[in-house]
Amino acid sequence: MTPDATAQPRRSHARANRARILAVARRELSANPEATIEEIARAAGVVRRTLYAHFPGRTALLEAIADEGAEALRGALAAAAVPADSPEQALARHTMELWRVGDRYRTLLTLGRQCFGDAWFADLTDPARRDAVAIVRRGQADGVFHGHLPAEVLASALGALMLSLLESVNAGLWEDSGPGAATAILIGAGVPPERAAGVAAGLAR
C-alpha cells in the first residue's frame, strides 16, 4: 500500500475524532461549564493524549468551538435574509435562526466572554446586531414596531432580551425551540401578543 493510501484513512479518522470531541465538548460544557479536559476526553471516548493532539488546552478547545459558532452564526444570518418578509416576519425569522445557533453554542455566552472578553463577544455578534438594527428601522418606518426609541437602542434591548432568554434555558428555567423567543422579541418590539404569536407560529410551520 502506498504512503498516500495509508495517510488518507488516518486523516479521515483524525477529522472524525476532532469533530466528535468538539460535539461532546459543546454538550459537556453546556451541562457543566467547569468540565475538565479529562472529563471531556472520557465522554468523547478518547484518551487525553488524543484530545491534546487536536486541542493543546482548554483555551484551544474553546477557540475551536468559537470558530464553529461564528461560522454557524454567518449561516444563520444568511438563512434569515428573506427579501419578501415583512418586518415582523423578518424579525421573527432573524430571532429563530439565531436561537438555533445560540441554543447549540450556549456555552459561549459565559465561557467565551470569560475566556476571550466582552470585546470578542461584541465582534462575534456585531453582524447580527447590524441586521437587527436594519430590520427594526424598517419596522419603525412601517409603523409596526415601537418608535419611541432609536432603532439602534431598541435592537440592542431586544438582543439583551434574547441573551437573557438563552441564559434562562441554561439555568433550566425554560425550554423553547425558537417560536417562544420570537414571540417575546416581537412583543418587545411593539407587536401585539396575539399577532406576535401568530407570526412566530407561521414561520415555525
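My aim in this report is to walk through the structure given alongside it, one point at a time. Just so it is clear, the model here is predicted, and its values are computed rather than measured.

Basis of the calculations
- Residues numbered from 1 in each chain as written.
- Predicted model: local features only at pLDDT ≥ 70, side-chain atom pairs only at ≥ 80, totals over all residues.
- Heavy atoms only, no water.
- Helix = DSSP H or I, 4+ residues; strand = E, 2+ residues; numbered from the N terminus.
- Buried < 20%, exposed > 50% of the residue type's maximum accessible area, 1.4 Å probe, protein only.
- Contact = heavy atoms within 4.5 Å.
- Areas by Shrake-Rupley, 256 points an atom, 1.4 Å probe, with all protein chains shown as cover.
- Salt bridge = Lys/Arg side-chain N within 4 Å of Asp/Glu carboxyl O.
- Axes fitted to C-alpha atoms, helices over the stretch in contact; angles between N-to-C directions.
- Parallel < 35°, antiparallel > 145°, perpendicular 65-115°, else oblique.
- Nonpolar A, V, L, I, M, F, W, Y, C, P; charged D, E, K, R; others polar.

Let us look at the overall build of the protein. Each helix and strand counted, the protein has ten helices and zero strands in total. Listing every helix and strand of the protein by position from the N terminus yields α-α-α-α-α-α-α-α-α-α. With respect to the three principal axes, the spread of C-alpha positions in the protein is 70 × 35 × 30 Å. Every one of the 205 residues in the protein was classed for burial, and the buried ones make up 39%. Here the contacts in the protein between residues at least 6 apart in sequence split such that 63% fall between residues at least 24 apart. For the protein, the exposed surface amounts to about 10,800 Å²; the carbon and sulfur share of it is 54%.

As a further point, take the pattern of salt bridges. Within this structure, the stated rule accounts for ten salt bridges. A salt bridge links Arg 130 to Asp 126, with the nearest nitrogen and oxygen atoms 2.3 Å apart. Residue Arg 130 and its partner Asp 126 are both found in helix H7 (residues 118-141); the two are separated by four residues, about one turn of the helix. Taking the relative accessible area as the measure of exposure, Asp 126 reaches 23% and is therefore partly exposed. Connected through salt bridges with shared partners, the residues Asp 126, Arg 129 and Arg 130 form a single ionic network.

Their axes nearest at 7 Å, the elements helix H6 (residues 107-116) and H7 cross at an angle of 125 degrees. One element, H6, and the other, H7, form an angle in the oblique class. Note on element contacts: H7 touches H6 through Asp 118, Trp 120 and Phe 121, opposite Leu 108, Leu 109, Gly 112, Arg 113 and Phe 116. Per-class residue counts for the contact of H6 with H7 are five nonpolar, one polar and two charged.

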